[in-house]
Every structure is written in C-alpha cells, then in structure tokens.
Amino acid sequence: MTKKKILQGNALYTVIAIVFGFLAGAVVLTVAGISPIATYKKLTDSIFGQPKYMIWSVVYGIPLIFTGLSVAFSFRTGVFNIGAEGQFVVGSLAATVIGITVDLPPILHVPLCLLAAAAAGAIWSAFVGLLKVKRGINEVLSFIMMNWIAFYLSNYVVNLKGIKAEGKEATVDILESAEILLPLSVRQMTGCKSVNYGIILAIIAAIVIWYIINKTTLGYELRSVGFNRHAASYGGINADRAIMKAMAISGAMAGLGGACHIMGNASRIAQFAGQEGYGFQGITVALIAGSNPIGCIFSGIFYGAMKYGGLKLSTIGAPKEVLDIIMGTIVIFIAVSHIFRHLLNRKLKNREE
Amino acid sequence: MERTSHVDESVIAIEMKEIVKKFGDFVANDHISLTVHKGEVHAILGENGAGKSTLMNVLYGLYRPTSGEIHVRGKKEEITDPSRAIELGIGMVHQHFMLVQPFTVTENIILGMEPTKGIVLDMKTARKKVEELSKRYNMQVDPDAHIEDISVGMQQRVEILKVLYRGADILILDEPTASLTPQEIRELMEIIRNLTADGKSVILITHKLKEIKACSDVCTIIRQGKYIDTVKVDEVTEQDLASMMVGRNVEFVVEKKAMEPGEVVLDVKDIHGKDYRGVEILKGLNLTVRRGEIVGLAGVDGNGQTELVEILTGLRKGESGAVWMNGKNLFNKSPKEIFESGITSIPADRQKHGLILEFSVAENLILQNYKKSPFSRKGVLKKKAIEDHAKVLVEKFDVRPSGSESRAAGTLSGGNQQKVIIAREITNDSDLLIAVNPTRGLDVGAIEFVHKYLVEQRNKNKAVLLVSFELDEIMSLSDRIEVIFDGKISGSVEGSKADENELGLMMAGGVRHD
C-alpha cells in the first residue's frame with residue numbers, strides 16, 4: 001500500500017527528473033571534454049563544503065521561493081504568470097526607492113518597503129488582468145511586454161538624481177533601516193554577509209499562499225474560475241474579478257521577492273544589461289514543486305543552491321551554463337513525468353499478476 | 001417502427017469469451033461473453049457504470065482483458081491497441097466526439113490516413129472518397145464544412161465516416177444518441193440500417209430502451225459488471241429489458257397527485273434576445289410558471305429555448321423584456337443575484353456549466369453556497385461541514401461509486417455527474433427550479449429517480465420549468481406544456497390532455513385549432 005502511495009505521489013517523479021537532469025548535464029560536459037565527476041564534485045563542495053556555503057545557498061534561494069510562489073499561485077488559478085520577471089523588478093524598484101528616500105525607524109521602514117513592493121508587483125500584474133478581462137488580450141503577451149516596460153523603467157529610475165550613486169551605474173545603497181539583515185554578530189559568526197530574515201518571510205508567504213489556495217473561500221473562488229470559468233460564473237462567481245484578484249496576489253508575491261532580494265542581499269539596483277531571470281527561474285521553481293506552495297520552499301532553495309554553487313564552477317574550467325542545461329532538463333522530465341508514472345505502475349502491476 | 005433484419009447467422013463477426021477486466025480490486029467485467037453476427041445490430045444494455053464501455057474498450061484494444069479471449073471472424077486475436085483493432089476492421093465512435101474543430105469534414109475523415117501524391121496531400125482524391133462513402137450509406141455531410149460550423153448530428157456522421165474510411169466492418173457506437181435531437185436520432189437509425197444492409201455489424205452501447213426496440217436485433221444485458229442475458233429484441237418488451245437492466249421493476253409512469261397551481265412565481269414578459277451569431281432568436285416570448293406546477297417547454301432544438309434559459313439564469317444578456325420573479329425584475333441581472341432571488345437550474349451542459357470537473361464532488365456541491373455558513377466562516381472553508389454535507393447527499397442521491405465525495409467530479413460517469421448537479425440544485429430548494437434536459441444520458445433507473453425529485457419539488461408547492469427535447473419526458477411530467485417555436489410560445493396544452501402528434505405539429509410550427 002505504501003509502495004502504491006509513493007508511485008502515485010509526485011515526489012518520486014521529481015527525484016527521477018532531477019537524476020535525469022544531472023545525467024543530461026553529465027553527457028553535455030563529457031561531450032565538451034570536461035569531467036562530469038570533477039564538475040559535480042566541485043558543485044557539491046561549493047554548496048555543502050562549509051556551513052556558510054549552505055547559508056549562501058538559502059540566501060540565493062529566497063527571491064526564487066517568492067517568484068516560484070508567484071508562478072505556482074498563478075498555475076493553480078488558471079493563468080500563466082510569465083510576468084513574474086517584471087513584477088520582481090518593479091518590486092525591487094519600489095523597495096529601493098522607498099528604502100533610499102524615506103527615513104523611518106526599521107520597525108516602520110521595513111514593512112513600508114515590503115508593502116510598496118507587494119503593491120507594485122500586484123498592480124503590475126493586475127493591469128495585465130485588466131487587459132485580459134476587459135479587452136480579451138492574452139495574458140502571456142501582455143506579461144512579456146510588461147517585463148520589458150519594468151526593465152526600462154528600472155533603468156530610468158536608477159539614473160535619476162538623488163537615486164543614482166555618484167560615478168556608478170547603480171543606485172546608492174538603501175538605508176540601513178530598510179535592511180532585513182540579521183545582526184552583525186550573527187553575520188560575522190556565519191561568515192555570510194547577507195544572511196537575512198527573508199527566508200522566514202518566504203516560509204510565511206508559502207504557508208499563507210497554501211492556506212489561501214486550499215482553505216479559504218477566496219481560494220475556492222479562484223481555483224473554480226481557473227478550472228472552469230463557465231461553471232464558476234454559473235455558480236454566481238464573478239470570473240473577471242476573480243482573475244484580477246488571482247493576478248494581483250501572484251504579482252504581489254513576485255514583488256515581495258524583489259524586495260527581499262534588495263533588502264536582504266543586494267542593497268541597491270544596478271543598471272540592467274539584460275533581464276536577470278528571477279521571474280523566469282520562478283517558473284522552473286514552480287514546476288519542480290508541482291505548483292505546491294510548500295514545495296516551492298524546497299525547490300527555490302534547490303535552485304538557489306545550484307545558482308550559488310555554479311558561481312564557482314569556472315575555477316575548474318566548467319561553464320556555469322551547464323546548470324541551466326540541468327535545470328532545463330529537469331523541467332522537461334517533470335513535464336513528461338506521466339511517462340515514468342505509467343511505466344513504473346505497469347511494471348508493478350505486471351509483477352503482481 | 002418497421003424494420004428489416006440483415007442478420008446472417010452463419011457468419012460470426014466477433015466472439016468475446018468470458019472476458020474479465022479488473023481495475024485493482026474492482027471487477028468491471030466479470031466473465032462476460034458476447035457473440036455478434038454479420039449484419040447484426042447488437043445492443044449492449046446496462047445502467048451507467050455497469051461495464052458496457054469497459055467491455056467495448058477491451059474489444060477496441062484500449063484495455064487489455066485480465067482474462068478471456070476475443071475471436072474476430074473465427075480467429076483468435078490479441079487486440080493490443082486500437083491500431084490493431086482498426087486492422088481487424090473494428091471501428092469505434094466514442095460518445096464524446098474526437099474531431100479537430102477548425103478542420104473541414106474531409107480533413108477530419110482522412111486524418112492519419114491521408115492520400116498523398118508524392119509528399120503532397122491529395123485533397124481531390126480524399127474529397128472524392130469522402131463523397132463516395134457518404135453517398136453509399138446515404139449520410140449527408142458537406143465535405144468542405146468546418147466541424148465547428150456543423151450540427152452535432154452531422155459531426156456524428158463524420159465520426160462514422162471516419163471509421164468507415166478506415167475500412168471497418170464492425171462498428172462500435174458508444175451512446176450514439178446521447179446528444180442528438182429526435183430528428184437526428186431517426187436519421188441515425190436509418191444510417192445503421194444502411195450499414196447492416198451492406199453486411200456490416202453494429203454494436204450499440206446504450207441505455208435507451210426505445211432505441212433498442214427500434215433498431216437492434218439482439219440485446220445483451222449487463223448489470224454491475226456481470227453478464228445477465230442475451231435476448232432477441234423482438235421477443236421482449238421494454239419493461240422486460242428495463243427490469244433485467246436494473247434488477248427490479250421500474251416505474252415508467254411517474255405518480256403525480258392532483259394539485260391546484262398557486263400564485264405566479266415566474267412571469268416572463270416579451271423577451272427579445274439574440275443568439276451567439278447576433279441573430280434575433282427570441283422574438284417576444286411570454287411565459288408564466290406558478291407554484292405547484294411543472295411547466296414543460298417543448299420544442300425542436302434551435303427555436304430559442306437555449307437562449308431563453310441562458311437569459312433566465314443570467315448567462316446571457318437579452319435585448320429587451322422583463323423577468324418577474326416574486327415581484328422583482330431579474331432581466332439581465334447577474335447569475336448570483338438571480339440565484340439569490342430564488343431561481344436554481346440544472347444546466348443543459350453539465351460539463352461546461354454544471355460542474356468543475358477537477359473539483360471534488362464535495363467542492364462541487366457547495367458551488368453557490370461556499371460563502372455561507374456552515375461551509376465557511378469569515379472567508380475560511382469548513383472542511384468538516386463540506387464533507388458531511390457531501391456524504392449525506394452522495395448517499396441520498398445514490399451517487400456511485402458510494403463514498404465518492406472526495407473524488408474529482410470528472411472521474412464519475414456522466415449519469416453520476418448529473419446526480420451530483422441534481423443533488424446540489426434540489427438541495428438549494430429555491431422557489432423555481434429550471435431543469436434543462438435533466439435526464440440526458442441517464443439510464444432508466446436514474447431517470448426514474450430524477451423524475452421523482454422533480455415531482456417532489458412540485459408537490460412541495462415549488463415551481464418547476466422543464467426544458468427538454470424528450471417529448472415523452474415533457475408529456476409524462478408536465479402539468480402544462482408550452483411549445484416554443486421560432487422564438488415565441490406557439491401554443492399551450494394541459495399536460496393530461498397532451499397528444500404526441502398534436503405537440504409534434506405545434507413544434508413544427510403548425511397552428512393549434514381549438
């Protein structure tokens with residue numbers, strides 16, 4: 001019976017997909033003439049070699065948990081938020097601007113920055129919802145355009161007087177009162193200069209999202225519209241309003257991710273040369289988590305660890321792009337996981353007979 | 001109906017021997033045997049979930065039998081997948097059509113077996129072949145029409161042609177009449193006759209007794225996965241078939257106590273409305289429904305009844321008119337406001353409007369009431385209350401399999417999905433219940449059950465508006481029958497005095513002379 005349960009759940013297939021992802025990475029490395037064993041050993045060392053490496057991995061994972069939650073929430077409510085990238089950027093921007101220009105005690109400054117970021121992300125996303133319900137414009141199109149608008153808006157704001165740092169292609173640092181870093185002593189002890197409260201916020205956010213989806217009337221409403229708009233309308237649910245709400249919540253998550261990234265790690269926004277990819281990586285995080293909010297915590301940290309560990313691969317001459325190949329392969333194998341499911345279930349059945 | 005049999009008893013087309021199919025511990029088919037001769041129409045009769053479709057999916061290679069043998073034209077065969085079945089000349093038309101909507105009729109028929117000239121698709125030959133086939137069996141289709149533009153009946157003919165194009169001489173039709181109008185059903189019967197005259201065998205999965213009597217030679221009855229009997233259709237009555245199928249006596253006639261209708265609940269005044277193409281389809285319709293009566297709205301599909309119901313339930317905006325409900329005008333109000341003013345409905349399209357298939361049965365049962373106590377408090381769902389509510393209804397309305405409250409609604413059979421909707425809408429217990437084709441796709445046992453509940457609503461002094469294409473249903477249940485023709489009520493008859501021919505005439509636009 002327990003065997004059956006494992007075969008029916010998602011966890012096993014996620015693990016299989018991850019294994020296949022690393023196998024695919026190994027093949028590519030071998031073809032490129034780089035030892036996959038050495039590469040993976042280096043990767044493992046870079047993540048688990050020292051406690052501070054693991055802490056860094058979590059720090060890298062925080063924004064990805066948020067964008068993962070953003071995308072997962074959208075999947076569960078029937079829209080595809082490919083615009084988490086842009087919402088993340090406007091969230092970062094809002095937090096940075098408030099973090100620089102407003103001077104408040106931390107107890108007020110931090111919540112204000114977070115709130116501004118969430119609102120910015122929510123508005124950025126809800127606008128796409130508005131276009132969808134009022135004008136029938138496909139959300140994927142407008143999300144992608146909004147990503148670029150956010151991109152250039154950020155580059156514009158970064159260069160404004162009073163925000164831009166003298167002689168740098170970046171903003172000045174946010175005020176200390178807007179940071180969510182752990183006390184200096186802890187940072188020194190762990191050896192990670194950016195260890196921050198973001199992970200706690202991310203876990204709370206994941207639980208809240210899980211709760212909204214599964215336990216509230218709001219979640220019921222949003223899911224019903226996501227699954228079958230017609231039946232939901234028939235049952236008296238205002239489908240248009242539900243789509244807007246779903247998009248706003250999803251956008252708020254990505255916005256918060258941007259805020260945590262700035263307030264916990266980056267402290268400033270640099271002029272972008274290209275999209276940073278937090279939002280798109282959130283799609284991967286959500287897919288690995290099977291759109292489960294709690295799962296996003298783990299898949300977000302997994303992706304964060306890969307990103308952090310990947311930074312050091314160049315020291316042995318392995319390109320860090322191999323990690324993109326691994327992550328991409330994992331997503332493909334998760335997408336086709338029903339094939340494994342079918343094969344394993346059939347094997348088990350044959351053995352029973 | 002007069003029919004000639006084309007059975008050639010000397011040639012056995014299909015023989016299924018002692019077929020057993022298990023899903024886990026559940027036995028869907030328990031030693032079922034079936035023999036189909038050349039030129040025979042063999043009906044397979046059973047309730048929803050009796051195992052008819054499973055048996056046919058075994059024959060078509062979609063399932064492998066747990067044990068048992070299949071012989072095709074006297075030779076034992078392993079049917080491993082549908083492509084093997086097609087090679088053996090077995091074709092299946094599924095209940096839910098599998099057509100590519102934006103493609104033309106011809107493109108759909110040749111899909112997967114396209115004639116080519118070199119590497120180029122040879123549409124000319126394809127079109128010619130389709131025309132030949134449709135002429136041969138007298139099946140009218142427009143080879144160049146797009147699927148999304150043609151009627152359900154024509155879509156079904158396309159499905160049958162698709163099977164014939166692949167060279168099938170044994171055709172399995174799964175619930176072929178479920179979504180057809182009476183006229184289309186008659187045309188299908190004609191097609192089946194033409195097929196058997198040409199030496200083809202037809203296996204008909206159905207639970208409609210009338211159709212079995214009208215067009216099949218032999219009938220095999222299955223009940224809860226077990227083989228019950230195979231009978232010559234000429235030698236049994238509909239009542240016999242019903243009893244064998246359900247395992248008890250079935251009441252065809254609904255007991256109704258005499259009742260004096262009360263005050264007017266619904267008063268529809270001068271409704272004008274357009275259909276999805278923007279063509280005026282409702283042209284000043286008036287209708288009233290009173291307490292304690294079932295009003296049957298009879299009519300041929302396409303005369304405005306769909307649009308009328310959509311306007312009454314808030315799914316479509318009308319052009320002008322008024323919908324008075326207990327003194328309140330609900331014309332063009334939101335579905336929510338309409339529901340809260342006392343109108344509930346059993347929608348025509350249960351998978352589109354009735355249910356959220358991915359939701360559990362329990363979640364579906366609170367669709368209009370999820371915000372109300374006891375199902376939620378301050379925006380938080382109360383799981384226990386929702387489950388308890390579902391348990392009671394699943395039990396009371398005999399939704400099968402029992403204990404299905406936590407299963408996704410999409411995993412239930414069509415009949416049981418309908419029961420979920422009926423359970424929900426009847427429990428809402430509002431002043432007016434609008435039921436649109438409430439028994440479509442249900443077996444006699446379930447039909448009896450639905451009819452009983454509709455009458456019970458009436459007996460509780462509620463108003464019921466029954467919209468149905470099944471004239472029998474309208475006639476046996478209604479206290480008053482209103483006939484809709486060309487967007488208006490063309491006549492009204494007292495239920496007890498209704499006459500099928502007269503109604504038919506009125507539905508066709510004939511005028512009633514008193």
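The rules behind each value
- Residues numbered from 1 in each chain as written.
- Chains lettered and ligands numbered in written order.
- Predicted model: local features only at pLDDT ≥ 70, side-chain atom pairs only at ≥ 80, totals over all residues.
- Helix = DSSP H or I, 4+ residues; strand = E, 2+ residues; numbered from the N terminus.
- Rg over C-alpha atoms; globule rule 2.2 N^0.38 Å.
- Buried ≥ 20, exposed ≤ 12 C-beta atoms within 10 Å, placed from the backbone.
- Contact = placed C-beta atoms within 7 Å.
- Domains from an automatic or database assignment.
- Nonpolar A, V, L, I, M, F, W, Y, C, P; charged D, E, K, R; others polar.
- Pairing = 2+ DSSP bridges.
- Axes fitted to C-alpha atoms, helices over the stretch in contact; angles between N-to-C directions.
- Expected span 1.5 Å × (residues − 1).
- Parallel < 35°, antiparallel > 145°, perpendicular 65-115°, else oblique.
- Left-handed = near helix turned anticlockwise from the far one by under 90°.
- pLDDT = per-residue confidence, 0-100.

Peer 1: Requested: an account of the overall build of chain A, with residues and values cited.
Peer 2: The secondary structure content of chain A amounts to 16 helices and zero strands. Relative to the compact-globule value of 20 Å for 353 residues, chain A shows a C-alpha radius of gyration of 21 Å, a close match. Across its three principal directions, the C-alpha atoms of chain A cover 75 × 60 × 35 Å. Out of the 353 residues belonging to chain A, those deemed buried represent 48%. Put simply, 79% of the contacts in chain A that link residues at least 6 apart link residues at least 24 apart.

Peer 1: Go over the domain arrangement of chain B with me, naming the residues and quoting the values.
Peer 2: Residues and elements named next belong to chain B. Along its sequence, chain B is organised into domain 1 (8-246) and domain 2 (264-507). Tallying the contact residues gives 12 residues for domain 1 and 15 residues for domain 2. Sorting elements by how many residues they give to the side of domain 1 that touches domain 2 places helix 8 (residues 238-246) first, with three residues. Considered class by class, the residues forming the side of domain 1 that touches domain 2 number six nonpolar, four polar and two charged.

Peer 1: So, the interface of chain A and chain B: which residues are in play, and what are the values?
Peer 2: Across the boundary between the two partners, chain A contributes 15 residues, which contact 21 residues of chain B. Sorting the residues of the side of chain A that touches chain B by element identifies helix 10 (217-227) and helix 11 (229-234) of chain A as the ones contributing at least two each. Counted by class, the side of chain A that touches chain B contains six nonpolar, eight polar and one charged residues.

Peer 1: Describe in detail the domain arrangement of chain A, supporting the description with residues and values.
Peer 2: All names here are of chain A. Split by domain assignment, chain A resolves into domain 1 (1-34 + 319-353) and domain 2 (53-316). Distance between the C-alpha centres of domain 1 and domain 2: 28 Å. Contacts between domain 1 and domain 2 engage eight residues on the former and 10 residues on the latter. The dominant element in the side of domain 1 that touches domain 2, judged by the number of residues it contributes, is helix 15 (residues 321-335), at five residues. Residues belonging to the side of domain 1 that touches domain 2 are distributed by class as follows: five nonpolar, two polar and one charged.

Peer 1: With reference to specific residues and values, describe the sheet that holds strand 23 (residues 480-485) of chain B.
Peer 2: Residues and elements named next belong to chain B. Spatial strand order, 18-21-22-15-23-24: six strands in an open sheet with mixed pairing. On the outer flanks of this sheet lie strand 18 (343-346) and strand 24 (488-494), each paired with one strand and no other. Adjacent strand axes in the sheet meet at a mean angle of 20 degrees when their direction is disregarded. As defined by bridge partners, strand 15 (residues 294-298) adjoins strand 23 across four bridges and the pair is classed as parallel. Across the sheet, residue Ala298 finds its bridge partner in strand 23, namely Val483. Contacts from helix 15 (residues 444-459) reach strand 15, strand 21 (432-436) and strand 22 (463-467), with the element oriented near 145 degrees to strand 22.

Peer 1: Any chance you could break down unusual backbone geometry for me, citing the residues and the numbers?
Peer 2: All names here are of chain B. Backbone torsion omega between Ser373 and Pro374 reads 5 degrees, so that peptide bond is classified as cis. Mapping Pro374 onto the fold places it in the loop between helix 12 (361-364) and strand 19 (376-377). The backbone phi angle of Asp270 is positive, close to 50 degrees, even though this residue is not glycine. Mapped onto the fold, Asp270 is located in strand 13 (residues 264-274). Looking at Asp270, the number of C-beta atoms within 10 Å reads 12, which means it is exposed. Even without a glycine there, the phi angle at Asp429 is positive, about 55 degrees. Looking at the element boundaries, Asp429 is found in the loop between helix 14 (414-428) and strand 21.

Peer 1: So what's going on with the environment of Arg341 of chain A? Residues and values would help.
Peer 2: Residues and elements named next belong to chain A. Inspection of the secondary structure puts Arg341 in helix 16 (residues 337-352). Judged by local crowding, Arg341 falls into the partly exposed class, with 17 C-beta atoms found within 10 Å. Sequence separation of Arg341 and Asn10 is 331 residues, and the distance between their C-alpha atoms is 9.2 Å.

Peer 1: Any chance you could break down helix 5 (residues 152-165) of chain B for me, citing the residues and the numbers?
Peer 2: Spacing of three or four residues puts side chains on the same side of an α-helix, whose turn is 3.6 residues. All names here are of chain B. Between its first and last C-alpha atoms helix 5 spans 20 Å; for 14 residues at 1.5 Å apiece the expected length is 20 Å, and the two agree. Counting buried positions along helix 5 yields 10 of 14 residues, so the element is predominantly enclosed. All buried positions along helix 5 are accounted for by Gln156, Arg157, Val158, Glu159, Ile160, Leu161, Lys162, Val163, Leu164 and Tyr165. Where helix 5 is buried, its residues meet strand 6 (90-93), helix 3 (105-110), helix 4 (123-136), strand 9 (170-174) and helix 6 (182-197). Two residues or fewer past helix 5, Gly167 is found with a positive phi of approximately 85 degrees.

Peer 1: Any details on the packing of helix 13 (residues 278-288) of chain A against helix 15 of chain A? Residues and values, ideally.
Peer 2: All names here are of chain A. Remark: helix 13 packs on helix 15, axes separated minimally by 10 Å, with the N-to-C direction vectors making an angle of 45 degrees. Considering their axes alone, helix 13 and helix 15 lie oblique with respect to each other. Read as a crossing pair, helix 13 and helix 15 show a hand that is left-handed. Residues Thr284, Leu287 and Ile288 of helix 13 touch helix 15, and the partners they reach there are Met327, Ile330, Val331 and Ile334. Tallied by class, residues from the contact of helix 13 with helix 15 come to six nonpolar, one polar and no charged.

Peer 1: How would you sum up the confidence of the model for chain B? Please name residues and give values.
Peer 2: Of the residues in chain B, 98% reach a pLDDT of 70 or more, and the chain-wide mean stands at 87. Scoring the predicted complex yields pTM 0.76 and, for the interface, ipTM 0.80.

Peer 1: I'd like a description of the packing of helix 2 (residues 11-31) of chain A against helix 15 of chain A, backed by residues and values.
Peer 2: Geometry of a packed helix pair, given as the angle between the helix axes and the separation of the axes. All names here are of chain A. Two elements in contact, helix 2 and helix 15, have axes whose closest approach is 7 Å; the angle formed by their N-to-C orientations is 140 degrees. Judged on the interaxial angle alone, helix 15 and helix 2 are oblique. Like other packed secondary-structure pairs, helix 2 and helix 15 cross with a definite hand, here right-handed. On helix 15, the residues touching Thr14, Ile16, Ala17, Ile18, Phe20, Gly21, Phe22, Ala24, Gly25, Val28 and Leu29 of helix 2 are Val322, Ile325, Ile326, Met327, Thr329, Ile330, Phe333 and Ile334. Residue composition of the contact of helix 2 with helix 15, grouped by class: 15 nonpolar, four polar and no charged.

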